[in-house]
Amino acid sequence: MKKLSILLTAILMAVGLGILVPGPASATTSYCGLVWGSMSKADNTFSKASVTNVRTGQHYCFDRMVVDLNGPASGYTVRYVPQVVQDGSGFTVPVRGGARLQVTVNAPAYNPDTGQPTYNPANQAELSNVSNYQTFRQVAWAGSFEGYTNIGVGVRARLPFRVFTLDGPGSGSRLVLDVAHFW
């Protein structure tokens, strides 16, 4: 047991000093260990929540968009599309980038009881400034119609992504979209 402990200590010291450096990742290892893929992702649940904000952030391995909701998380559909379109009108929403994601949140951007907006973006073409992001090229408003809210995300290329929901803060929740920087 003592020999094993000494061997492990020597290996850890060698790695720490840079004497023993692990080799490069194999060609089959994905970027940052991500295994998301680029196919459509959906959750068909509904709730009484409404969209209250859209924001973005940058991470080492991916760019992130967060849709804030004022209640329990709603369902969603996220998929690559040739053109981002508005529900109801069918109008095309121009979005910069080599590929386009249509994000449909199963929640309105208005109070269903009063019709009053819960999210009214100041600039529908630029919901968030993503000018220095590695993957995102544009985040654009595509409207809220009959209980659904659509957002167009222009990305550099068709890259892997994941979608999930988080509870909080408080009684609210968040829909999260992460798009990888590389495959």
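Being a predicted model, the structure only gives us computed values, none of them experimental. (Residues numbered from 1 in each chain as written. Predicted model: local features only at pLDDT ≥ 70, side-chain atom pairs only at ≥ 80, totals over all residues. Heavy atoms only, no water.)

**Q** How should I be thinking about the state of the cysteines in this particular structure?
**A** Covalently bonding the sulfur atom of one cysteine to the sulfur atom of another cysteine gives a disulfide. Following the criterion strictly, the structure yields 1 disulfide and no others. There is a disulfide in this structure between cysteine 32 and cysteine 61, and the S-S distance comes to 1.9 Å. The chirality of the disulfide connecting cysteine 32 with cysteine 61 is left-handed, given an S-S dihedral of about -80°. Of this pair, cysteine 32 sits in the loop between helix H1 (2–17) and strand E1 (41–43) while cysteine 61 sits in the loop between strand E2 (51–58) and strand E3 (62–69), and the two are 29 residues apart along the sequence. (Disulfide = S-S within 2.5 Å. Helix = DSSP H or I, 4+ residues; strand = E, 2+ residues; numbered from the N terminus.)

**Q** I tried to follow the confidence of the model for the protein on my own but got confused; where do I start?
**A** A low pLDDT score tells you not to read the predicted coordinates there in detail. In the predicted model, the protein carries a mean pLDDT of 88, and the fraction of residues at 70 or more is 84%. Every residue in residues 14–27 scores below 50 in pLDDT, and together they form 4 contacts with partners more than four places removed in sequence or on other chains. (pLDDT = per-residue confidence, 0-100. Contact = heavy atoms within 4.5 Å.)

**Q** Before we go on, may I ask you to explain the nonpolar core in this structure?
**A** As a rule of thumb, soluble globular proteins bury nonpolar side chains together. Core analysis: the biggest nonpolar cluster contains 31 residues, and Met65, Ile151 and Leu177 have the highest contact counts within it. For this core, the leading source of residues is strand E7 (residues 99–105), giving 4 residues. (Core = buried A, V, L, I, M, F, W, Y, C linked by side-chain atoms within 4.5 Å. Buried < 20%, exposed > 50% of the residue type's maximum accessible area, 1.4 Å probe, protein only.)

**Q** For this particular structure, what's the right way to read the pattern of salt bridges?
**A** Where charged atoms from two side chains of opposite charge come close, those side chains can pair. Evaluation of the coordinates by the stated rule reveals 4 salt bridges. The partner of arginine 162 in a salt bridge is aspartate 178, with the nearest N and O atoms 2.7 Å apart. With arginine 162 in strand E10 (residues 161–167) and aspartate 178 in strand E11 (residues 173–180), the pair connects residues that are 16 residues apart, well separated along the chain. For arginine 162, a relative accessible area of 28% corresponds to the partly exposed category. (Salt bridge = Lys/Arg side-chain N within 4 Å of Asp/Glu carboxyl O.)

**Q** Honestly, the sheet that holds E10 in this entry has me stumped. Any pointers?
**A** Two modes of strand pairing occur in sheets, parallel and antiparallel, and in both the strands are linked by backbone hydrogen bonds. Read from one edge to the other, the open sheet built from 4 strands follows the order E2-E3-E11-E10, with strand pairing classed as antiparallel. Each end of this open sheet is capped by a strand with a single partner; those strands are E2 and E10. Each neighbouring strand pair of the sheet contributes to a mean axis angle of 20°, computed without reference to strand direction. When E3 meets E11, the two strands line up antiparallel, connected through 8 bridges. Residue pairing across strands places methionine 65 opposite leucine 177, the latter belonging to E11. (Pairing = 2+ DSSP bridges. Axes fitted to C-alpha atoms, helices over the stretch in contact; angles between N-to-C directions.)

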